[in-house]
Structure formats: C-alpha cells, structure tokens
Amino acid sequence: MSLPHDTVLDRFLRYVVIDTQSDPTSSAQPSTEKQKDLGRLLERELKALGLDDAHLDEHGNVYATIPANTKKDVPAICFCSHMDTAPDFSGTGVKPQLVRNYQGGDITLTGDPSQVIRVASHPQLHDQIGHDIVTTDGTTLLGADDKAGVAEIMSAAQFLVRNPEIPHGPVKILFTTDEEIGRGADKVDLKTLGARFAYTLDGSTVGEIENETFSADGVTIDISGVAMHPGYAKGKMENAIKAASDIVARLPRDIAPETTEGREGFIHPLDISGSMEAARIQLIIRDFREGGLKEKEDLLEKITSEVMATYPGSSHTFTVKHQYRNMKEVLDRHPEIMENLEESVRRVGLEPVRHSIRGGTDGSRLSFMGLPCPNIYTGGHAYHSPLEWVSVQDMETAVKTIVELVKVWEERA
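Because the structure is predicted, anything quoted here is derived from the model rather than measured.

Peer 1: Help me get a handle on the sheet that holds strand β11 (residues 215-224), residues and values and all.
Peer 2: With antiparallel pairing, the four strands of this open sheet are ordered in space as β12-β13-β11-β14. Both edges of this open sheet fall to β12 (266-274) and β14 (315-324), since each of them pairs with a single strand only. Mean inter-strand twist for the sheet, computed between neighbouring axes without regard to direction, equals 15°. As judged from the 10 bridges shared by β11 and strand β13 (residues 278-287), these two strands associate in the antiparallel manner. Residue pairing for β13: Ile223 is matched across the bridge by Ala279. On top of the sheet, helix α5 (residues 240-249) reaches β11, β12 and β13; it is set at about 20° to β13, its chief contact. Contacts from helix α6 (residues 290-308) reach β11, β12, β13 and β14 within the one sheet, and its direction differs from that of β13 by about 155°.

Here's what the structure looks like:
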C-alpha cells in the first residue's frame, strides 16, 4: 500500500477514529477483536515502509524491525506503545478537533459545550501558545493514550527508513493490546521481539521521562453471611452487604487516591457487590515501595478480621493478586538506558526531568520479564476523559527524541 499521509498529525488523526477500547470483563486477548482493526492497519503501513517482517500475531500484538545499518555492535532497542483505549469513557465515534495556533484561554468542546478544557485545571496549556492542539468534540475520549505514542513511533520509523545515512543499530517496534486493563505484556513474545532494551512511548508532558512506577496488587474479599427471613431474623441474620460496607467504611481516608499525591500510596475500593447471603469487595493497593504495599495489605487484612469478628456466624476469604512491580528496581541495574535517553532529550532542546508514574505501563511488566523499559513522553494530557488533548508540536518533539535516541545508542556502542 502507499501511505496516504506522512506527518505525525495525519497518522494520529487516522488512528484515533478507529475504536480500540479494551474490555476488563473479557478473558480473551485481545479482550476486544476491534483492537486488531488498528493492528492490521499498522501492519500494512509498516510493510509499506519496507519492514518485511512486520506482522500481527493472534493476540493482536504488532512486531516489526528496522534492520541495523552500522557495523558497530549496537544492542537492539525497542519502541513500544499500546493500541487500546481505556474503558473509563467511550472511544466509539471519536471526532478529533484541531485548534490551530492556540492563543490561550479555555477550550470549549464543540459536541458538548458543557465540556471545557479550562486553563485553571490544565496549567500545561500555558506552554502551548502558538501550538496546534487536538481535542475531542467532548462526547468521547481522544485516544492520545496511547495512539499519540503509536503515531510517534510510526513517524520515527518512516524518518529512519527514508534517511539511511543516519547510522543505527537494530530498531524493534512493538504495538500491544489491552494495556489499559493491565494485560498489555501478557502475550508479548520476547524471543520474537528480539530486543535487549525497550522504551514505551506512553508518557505525558514533554521533557518528563519516567523510570519508576507504582508497585501494584489487587485484593478480593469474599464474605459469606447468614441469610434469614427478615421477619424472623433477630439474633440470627448476618447480612453480608453490611459486613462489606463496614469494611469499606473503616478504610483510612488519608490512604486513598483522592487524598494522596507524589510518592504516597493508597488503598482503593473498585467494586462492592452482593446480597444478604454473600458479598464481594474488590480493591487495588498501590505503593512505590514493596514494603509499603505489604503494610497496606496487612492493614486491610486487619480491618477485615476485626469487622468479621463482629459477625461470628459468617466467614470470609482474603485474596491478594500480584499485578505489577516498580520498574526502577530493574532499570537501576542498567543506568545507560536512562543516561542515553536523557542525552536524546537534551538534543531536542529540553531539560530531562525524571518522573515517577502514579500508575503502571507495559514497561512495568516488560522490565520484570527481562526487557528493561522506561517511559518517554508523548505530549498527551487529561487521559481517559473527554477533556483529553495533545499538542501537534509536542508529538513532533517526541518523534525527534526517538530519532536522537537511536543515534545516541549507535554513537555510544
């Protein structure tokens, strides 16, 4: 195929209108077949660039290689972004809007005027004067998380292919599914990928590079109560709904997402459901330290046991599920990964700022699978919401950062 458009903006506008929302209730991977619609397009575009090994696998992952063109022994590095969008808000019927030459002020979204990107809530807009900004029409999310990253990697690949005079080692490309529901790396075949190190393009503000994520566990508390006809229940009924509610009510308010920031972790109930007879609470635990994670889980288990002691006829189970770990533990063993990235950021005229993610990325899992993988900015903001926006010029900066990073690895080999 011939590529209809080549700029990072044209690619981005082409990708965001494809609905790729993932589904946490599905056990399949990809969790939604529609994610493969974007995967098939990317496979075709990569092949059109001359990357003959480009392919979409059964799980929806896309792999490709830009072969080395230097005689130096340069380690193969990978650039990775995810194709799915978050279940938090609709990704169907995305209508991207382009605000050219932004001159400041709030941005009212055309499809729903009650949705306004306010400067007071989005102070990053102060740095966008003169930029071209892509928003939604207010009725869907935009999908800059992470189609901005996808478009940036594709544009950098095109630049490297069309400028063979730039010496570089093997450059691997990986696009994943289901990152937004915590499964992005589950079916990645590292042998097929063949990279030594990787970088996700899944960050936000330009200049900020991320070598640290939360460590994360999930907790499920299942409660079996004592069911009884309510007319004859005195001294006999133990209502599982009430027991579950008592546990949630006792969670410390200062260890919650809405009361923490920076390097503070939290306990967060995601779902509570059930009946008089049986109830379930699902929670997530987050902390940057493994010890902090354990402390919060011990606290939650103590609260649960104390509450359940007041329901002597009832029983419960407390199940902890490992989700992901702080990638800094792995990245610190390979300092050149961040050092080379910082040099590439400086070369595009920015001062690199190391940042911690209050969340996770594919890089969290990939790092512990044996592929050390920090995170690079994409220029997107207000992810998972109808107020999501991205600067075209910031996307172009991310593309230049990828190209410079490839050059730095070759120079320092």
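Peer 1: So what's going on with helix α2 (residues 35-48)? Which residues, and what values?
Peer 2: If you check α2, its first and last C-alpha atoms are 21 Å apart, about what 14 residues at 1.5 Å a residue would give, namely 20 Å. Buried residues of α2: Gln35, Lys36, Leu38, Gly39, Leu41, Leu42, Glu43, Glu45 and Leu46, and no others. As for α2, its buried residues are in contact with α1 (8-16), β1 (55-56), β2 (62-66), α3 (144-162) and β8 (171-176). Following α2 by one or two positions, Gly50 has its phi on the positive side, about 95°.

Peer 1: A description of the sheet that holds strand β18 (residues 389-391) should follow, citing residues and the corresponding values.
Peer 2: The four strands are arranged β4-β7-β18-β17 in an open sheet whose pairing can be described as antiparallel. Of all the strands in the sheet, the pair left with one neighbour each is β4 (97-99) and β17 (380-381). Direction of pairing for β17 relative to β18: antiparallel, over a ladder of two bridges. Each residue of the ladder has a partner; that of Gly380, found in β18, is Val390. Strand contacts of helix α10 (residues 392-411): β4, β7 (133-135) and β18, with the helix running at about 65° to β18, the strand carrying the most contacts.

Peer 1: Please give an account of unusual backbone geometry that cites residues and values.
Peer 2: With an omega of 5°, the peptide bond between Gln29 and Pro30 qualifies as cis. If you trace the backbone, Pro30 turns up in the loop between α1 and α2. At the junction of Asp145 and Asp146, the peptide bond is cis and its omega measures out at 15° in the coordinates. Notably, Asp178 is not glycine yet its phi reads approximately 60°, a positive angle. Within the secondary structure, Asp178 sits in the loop between β8 and α4 (190-193). The buried category is assigned to Asp178, whose relative accessible area is 0%. One non-glycine residue, Ala382, lies in positive phi territory at about 55°. Topologically, Ala382 is positioned in the loop between β17 and β18.

Cut-offs used in this document
Residues numbered from 1 in each chain as written. Predicted model: local features only at pLDDT ≥ 70, side-chain atom pairs only at ≥ 80, totals over all residues. Heavy atoms only, no water. Pairing = 2+ DSSP bridges. Helix = DSSP H or I, 4+ residues; strand = E, 2+ residues; numbered from the N terminus. Axes fitted to C-alpha atoms, helices over the stretch in contact; angles between N-to-C directions. Contact = heavy atoms within 4.5 Å. Expected span 1.5 Å × (residues − 1). Buried < 20%, exposed > 50% of the residue type's maximum accessible area, 1.4 Å probe, protein only.

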